[in-house]
Amino acid sequence: MYPILKAEKLADKIYLMEVKAPRVAKSCQPGEFVIVKIDEAGERIPLTICDYNREEGTITIVFQTVGASSEKMSHLQAGDSFHDFVGPLGNPSEFVKEDLEVLKNKKYLFVAGGVGTAPVYPQVKWLKEHGIDADVIVGAKTKDLLILEKEMEAVAGNLYVTTDDGSYVRKGMVTDVIKDLVQNQGKKYDVCVAIGPMIMMKFVCLLTKELEIPTIVSLNPIMVDGTGMCGACRVTVGGEVKFACVDGPEFDGHAVNFDEAMKRQQMYKTAEGRAILKLQE
Ligand code: NAD
Ligand code: FES
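My aim in this report is to walk through the structure given alongside it, one point at a time. (Residues numbered from 1 in each chain as written. Chains lettered and ligands numbered in written order. Predicted model: local features only at pLDDT ≥ 70, side-chain atom pairs only at ≥ 80, totals over all residues. Heavy atoms only, no water.)

1. Some points on the nonpolar core
Within soluble globular proteins, side chains that are nonpolar generally end up buried alongside one another. Core analysis: the largest hydrophobic core is formed by 56 residues, its most contacted members being Ile 59, Ile 61, Met 73, Phe 82, Phe 85 and Phe 110. At 6 residues, the largest contribution of residues to this core is made by helix 5 (residues 117–129). If you count residues domain by domain, this core takes at least three from each of domain 1 (2–89) and domain 2 (99–218). Setting aside residues no more than four positions away along its own chain, Phe 110 makes contact with Phe 95, Val 120, Gln 123, Val 124, Leu 127, Ala 134, Asp 135, Val 136, Ile 137 and Val 193. Counting residues in each nonpolar core, the second largest holds 36 residues, with Val 174, Ala 194, Val 204 and Leu 211 among its members. (Core = buried A, V, L, I, M, F, W, Y, C linked by side-chain atoms within 4.5 Å. Buried < 20%, exposed > 50% of the residue type's maximum accessible area, 1.4 Å probe, protein only. Helix = DSSP H or I, 4+ residues; strand = E, 2+ residues; numbered from the N terminus. Domains from an automatic or database assignment. Contact = heavy atoms within 4.5 Å.)

Here it is as structure tokens:
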């Protein structure tokens, strides 16, 4: 069992939990994820890791309620436990493996959308801990849905917040800020990392392709087993079939077939759609 040490509501339908999971905390790296189960018969829920504390043996997860399982999970409190907390799964972010001297000469731009701010945070934090200041754009629909602003401010070189409705800082989508930074302010970036809703990653990639900035995205398609066996998380990257759980979750954003990925995500929402996808696998 994996005890919940802290449970907090960050915004409407968005929750943060700190979980005691020493083995995961000992070895996890930015970019990786976990799969949790509330009870033995429960659904397996994949979640990106938002933070970790190796000394305390804790992992912080942030999630949005989207269905019955995550809704049930949102009712768990400090003192309750997860039945399963499997990880770290997937591959660490590319920069973790890169030579530090090479990395120090690269300018990173992180683009976080909504709940996607949670998996961006440990990446920016890791870079900061290694002496690298990255620029970070965080987009939220409204001020009330903005999460982890203070935490991000503490680790980002420059933080640019934007809201779709203009209720906080500036009005516009993350793509408006990228255009502003690159085209108006003349900023130059070697790498962009975009994490958020699929539609956001699609439009960020269309723009960064035009701006010639190599872009990494973290995909979160539907996952079932998390071991590359079931095919649920299938995505097409550069014309090749990849499984986000074992080949990703990070991919070259300019090579991802987002339209297919979004269609699959929609189809998974109905029993009929799931049956069709099963036949295709
Ligand atoms: P959201 O819909 O509130 O969007 C967040 C921001 O993305 C917006 O404020 C906007 O700036 C930008 N955006 C949205 N559509 C855009 C477009 N067409 N063009 C340019 N920018 C656009 O986000 P949310 O409701 O918090 O997101 C939830 C989604 O994020 C879920 O589908 C969830 O699965 C996904 N998510 C992904 C990851 C991941 O690892 N990729 C992690 C957590 C959540
Ligand atoms: Fe089953 Fe990736 S979740 S193959």
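There is more to say after this.
2. What about the environment of Gly 226?
Tracing the chain through its elements places Gly 226 in the loop between strand 12 (215–218) and strand 13 (234–237). Between the C-alpha atom of Gly 226 and that of Asp 84, which follows or precedes it by 142 residues, the distance is 13 Å. Every residue in contact with Gly 226, bar those within four places of it in the chain, is listed here: Ile 35, Leu 89 and Cys 245.

3. A word on the environment of Gly 157
Tracing the backbone through its elements, the reader meets Gly 157 in the loop between helix 6 (149–155) and strand 10 (158–163). Between the C-alpha atom of Gly 157 and that of Gly 172, which follows or precedes it by 15 residues, the distance is 21 Å. Look past the residues within four positions of Gly 157 in its chain and what remains in contact with it is Asp 133, Ala 134 and Asp 135.

4. Side note on the packing of helix 7 (residues 174–184) against helix 8 (residues 198–210)
Viewed as axis vectors pointing N to C, helix 7 and helix 8 meet at an angle of 20°, and their least axial separation amounts to 10 Å. As summarised for this structure, helix 7 and helix 8 are arranged roughly parallel, according to the angle between their axes. When the axes of helix 7 and helix 8 are compared, the crossing they make is right-handed. Each of Val 174, Thr 175, Ile 178 and Lys 179 in helix 7 lies in contact with helix 8, whose residues at this interface are Met 200, Phe 203, Val 204 and Leu 207. A per-class count over the contact of helix 7 with helix 8 returns 6 nonpolar, 1 polar and 1 charged. (Axes fitted to C-alpha atoms, helices over the stretch in contact; angles between N-to-C directions. Parallel < 35°, antiparallel > 145°, perpendicular 65-115°, else oblique. Left-handed = near helix turned anticlockwise from the far one by under 90°. Nonpolar A, V, L, I, M, F, W, Y, C, P; charged D, E, K, R; others polar.)

5. Digging into the pairing of strand 11 (residues 191–195)
Consecutive residues of a regular strand have side chains that alternate between opposite faces of the sheet. Burial of strand 11 is extensive: 5 of the 5 residues sit out of reach of the surface. Alternating positions in strand 11 separate into two faces, Val 191, Val 193 and Ile 195 on one and Cys 192 and Ala 194 on the other, with burial throughout. As judged from the 5 bridges shared by strand 8 (residues 108–113) and strand 11, these two strands associate in the parallel manner. Bridge pairing in strand 11 links Phe 110 to Val 193. Pairing analysis gives 3 bridges linking strand 11 to strand 12, with the strands arranged parallel. Bridge pairing links Cys 192 to Thr 215 in strand 12. Crossover strand 11 to strand 12 through helix 8 is right-handed. (Pairing = 2+ DSSP bridges. Right-handed = clockwise from strand over helix to strand, strands pointing away.)

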